[in-house]
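# Working through the structure, step by step
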Amino acid sequence: MIEHHVRVHPSADRLPREDQLAWKLAAVATTTGELDADSVTMAVNRVIDNAAVAVASLLRRPVAVARAQAAAHRGTVPGASVFGTRIRTSPEWAAWANGTAVRELDFHDTYLAADYSHPGDNIPPLLAVAQHTGRTGADLLRGIIAAYEIHVALVKGICLHKHRIDHVAHLSAATACGLGALLRLPTETVYQAVQQAVHTTTATRQSRKGEISSWKAYAPAFAGKAAIEAVDRAMRGENSPSPIYEGEDGFLAWMLDGPAAEYAVLLPEPGEPRRAILDTYTKEHSAEYQAQAIIDLARRLREKIPAPGSVRSVVLHTSHHTHHVIGSGANDPQKYDPMASRETLDHSVPYIFAVALQDGAWHHERSYAPERARRPETVELWQKITTVEDPEWTRRYHDPDPDRRAFGGRAVITLADGTVIEDQLAVADAHPAGARPFDRPAYAGKFRTLAENAVAPAGQDRFLSAAEHLAELSAPDLGGLFPAVDTEAVAAYDASLPKGLF
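### Some words on the overall build of the protein
When helices and strands are counted, the protein shows 20 helices and 10 strands. Over its C-alpha atoms the protein spans a radius of gyration of 22 Å, differing by no more than 12% from the 23 Å that the globule rule assigns to 502 residues. Summarising the internal contacts of the protein: among those between residues at least 6 apart in sequence, 76% fall at separations of at least 24. When the accessible surface of the protein is split by element, carbon and sulfur atoms take 52% of a total near 19,100 Å².

Take a look at the structure:
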């Protein structure tokens, strides 16, 4: 790996393109050689994972709205498929609809380092462009692996959350790079696309603060759509704000640590295998990733609690990120509000721990149902749960060794009679270092479980066969990556919603 040092430069420096981070990202994407076999296997897993959570969300309002907006932009030939329909629409709108479907349940993959990310959000725009441009499954794999490489590098090297910038700014750069690899574009073209994508998708983290709205699902879809539009524009010979990262009025100088800041971004050397996708991990539970181990811990502790009503208090000792983003350290009263939105509840580890402790299970719909959140005994327990930052858990969260990195915490439960029960869990059971690491059968099982009420068994088989043979798929066969669902039920739900402009 090569460590690239990135800092702000005054315009008078006329920083050469080859010394700019956007160029270096583009160069990594456009010089991808033979694909690493393990990375290919994992990319297939994530295609399966994305489809699983997409079909499970088809009858959710934000997904239906995005799908209706996309359907209004039919007519582009050949276009790209939209989950839950038989239509093809322009690729940027297909990416919008499919990206929202993938993100809605907060149930696909994650990478956590200096910042947060859901690298699987790169896949919908890449698949849409691959379909529209007649690329093969091998081309799509090349794009996915390149996008993950760039995404992980940015998340490791440049923290956005510290400055309350939403993490989709890194996503859009990664997607632009993945599209460049998919289409085998010149480095110059991808360089320009990265800069426009970053410039247009930098937004605040209010989308994940306070009363969290449905925009949480739309935000990555917007970034993917913007990346496609940026690539289209760059392919037509247009340039972009430059240097977007290092400029004196640019991203680092005014959005992040300021003119004196310096960052280190690790990128692979020419010819070095692209394996960053192997450092990412998926979710067994539909909740923020920092809550995955906490859910498993609560399920384990449930057997040690006489009854939920016997609990006097629960303190979760955990990392800075968990405490301040999904814990009581966020100082969001909404995280303790029984009337809160689903999007808010899946960013409330006190709520999540309470339900998992009472139910001994977690479900992507039932665990968030309004009647579940408002159950009196749940509300009573929920209000007794707080989080604190433990420096040791923060250190482990950022440990450079993936085998020692931890995203869990320690629970201290005090019962009404004064008895104290403690337990801890470093990583989720499904984590690569966990008790039951996700493998291909687990990904296939997750798909079958989530698709059970939407896709017939034969359709499930056809989709899994297509995904597992992704490297050999021809351009027409990419449609097999969209499971066949009951489109009449989807259309009926869509028809019940208010209309917009399109």
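Having seen it, we continue.
### Structural notes on the sheet that holds strand β8 (residues 385–389)
Sheets are built from strands paired through backbone hydrogen bonds, the pairs being either parallel or antiparallel. The strand order across the open sheet formed by 4 strands is β8-β7-β9-β10, and the pairing between neighbours is mixed. Edge positions in the open sheet fall to β8 and β10 (420–425), since each of these has one partner strand only. Averaged over all pairs of adjacent strands, the angle between their axes in this sheet comes to 20 degrees, without regard to strand direction. Note: strand β9 (residues 409–415) against β10, 6 bridges, orientation antiparallel. If you follow I413 over to β10, its bridge partner there is I421. Taken strand by strand, helix α11 (residues 292–301) contacts β7 (311–318), β9 and β10, and its axis lies near 140 degrees from that of β10. Against the sheet, helix α14 (residues 349–359) contacts β7, β8 and β9, and its axis sits at roughly 125 degrees relative to β8.

### Details of the packing of aromatic side chains
All told, the structure shown has 19 aromatic pairs when counted by the stated rule. Consider the rings of W93 and F502, whose centres lie 5.5 Å apart with planes at 75 degrees: the pair is edge-to-face. Of this pair, W93 sits in helix α4 (residues 91–103) while F502 sits in the segment after α20 (487–495); the two residues are 409 residues apart in sequence, bridging distant segments of the chain. What makes W93 buried here is its relative accessible area of 11%. It is K446 that lies over the ring of F107; its NZ or CZ is 4.3 Å from the centre.

### Remarks on the pairing of β7
Note: β7 against β9, 7 bridges, orientation antiparallel. Bridging from a neighbouring strand, S313 pairs with T414 of β9. Pairing between β7 and β8: 5 bridges, direction parallel. Looking across to β8, one finds that H317 is bridged to V388.

### Some remarks on the nonpolar core
Core analysis: the largest hydrophobic core is formed by 107 residues, its most contacted members being L25, L140, I144, V194, Y245, L470 and L481. No other element matches helix α2 (residues 37–56), which puts 12 residues into this core. If you look at the next biggest cluster of nonpolar residues, it comprises 49 residues, including L112, V155, I352 and Y397.

### What to know about the pattern of salt bridges
Taken as a whole and judged by the stated rule, the model has 32 salt bridges. The partner of D106 in a salt bridge is K283, and the shortest N-O contact between them spans 2.4 Å. Of the two residues, D106 sits in the loop between α4 and β4 (111–112) while K283 sits in the loop between β6 (262–267) and α11, which places them 177 residues apart along the sequence. You can call D106 buried: its relative accessible area is 0%. Classification of K283 as buried rests on a relative accessible area of 0%.

### Points about α11
Within α11, 8 of the 10 residues are buried, which leaves it mostly tucked inside the rest of the structure. Regarding α11, the residues found buried are Q292, A293, I294, I295, D296, L297, A298 and L301. Those residues of α11 that are buried lie in contact with β7, α14, β9 and β10.

### Brief notes about the packing of α2 against helix α18 (residues 440–451)
The N-to-C vectors of α2 and α18 enclose an angle of 15 degrees; their axes lie 8 Å apart at closest approach. When the interaxial angle is binned, α2 and α18 end up roughly parallel. For the pair α2 and α18, the sense of crossing is left-handed. Between α2, through T41, M42, V44, N45, R46, I48, D49, A51, A52, V53, V55 and A56, and α18, the contact on the second element is made entirely by R440, Y443, A444, K446, F447, L450 and A451. Class assignment for the residues of the contact of α2 with α18 results in 13 nonpolar, 2 polar and 4 charged.

### Thoughts on the side chain of K446
Tracing the backbone shows K446 in helix α18. Among the residues examined, K446 registers a relative accessible area of 7% and is labelled buried. A polar side-chain atom of K446 sits 2.7 Å from the main-chain carbonyl oxygen of F107.

### What to know about the environment of R404
Mapped onto the secondary structure, R404 falls in the loop between α17 (391–397) and β9. Sequence separation between R404 and A197 is 207 residues, and the spatial gap between their C-alpha atoms is 34 Å. Once you skip the residues sitting within four places of it in the chain, R404 turns out to touch R396 and D399.

The rules behind these values
- Residues numbered from 1 in each chain as written.
- Predicted model: local features only at pLDDT ≥ 70, side-chain atom pairs only at ≥ 80, totals over all residues.
- Heavy atoms only, no water.
- Helix = DSSP H or I, 4+ residues; strand = E, 2+ residues; numbered from the N terminus.
- Rg over C-alpha atoms; globule rule 2.2 N^0.38 Å.
- Contact = heavy atoms within 4.5 Å.
- Areas by Shrake-Rupley, 256 points an atom, 1.4 Å probe, with all protein chains shown as cover.
- Pairing = 2+ DSSP bridges.
- Axes fitted to C-alpha atoms, helices over the stretch in contact; angles between N-to-C directions.
- Phe/Tyr/Trp six-rings, centres within 6.5 Å; stacked < 30°, edge-to-face > 60°.
- Buried < 20%, exposed > 50% of the residue type's maximum accessible area, 1.4 Å probe, protein only.
- Lys NZ or Arg CZ within 6 Å of the ring centre and 35° of its normal.
- Core = buried A, V, L, I, M, F, W, Y, C linked by side-chain atoms within 4.5 Å.
- Salt bridge = Lys/Arg side-chain N within 4 Å of Asp/Glu carboxyl O.
- Parallel < 35°, antiparallel > 145°, perpendicular 65-115°, else oblique.
- Left-handed = near helix turned anticlockwise from the far one by under 90°.
- Nonpolar A, V, L, I, M, F, W, Y, C, P; charged D, E, K, R; others polar.
- Polar contact = N/O pair within 3.5 Å; in protein donor to acceptor, adjacent residues only side chain to side chain.

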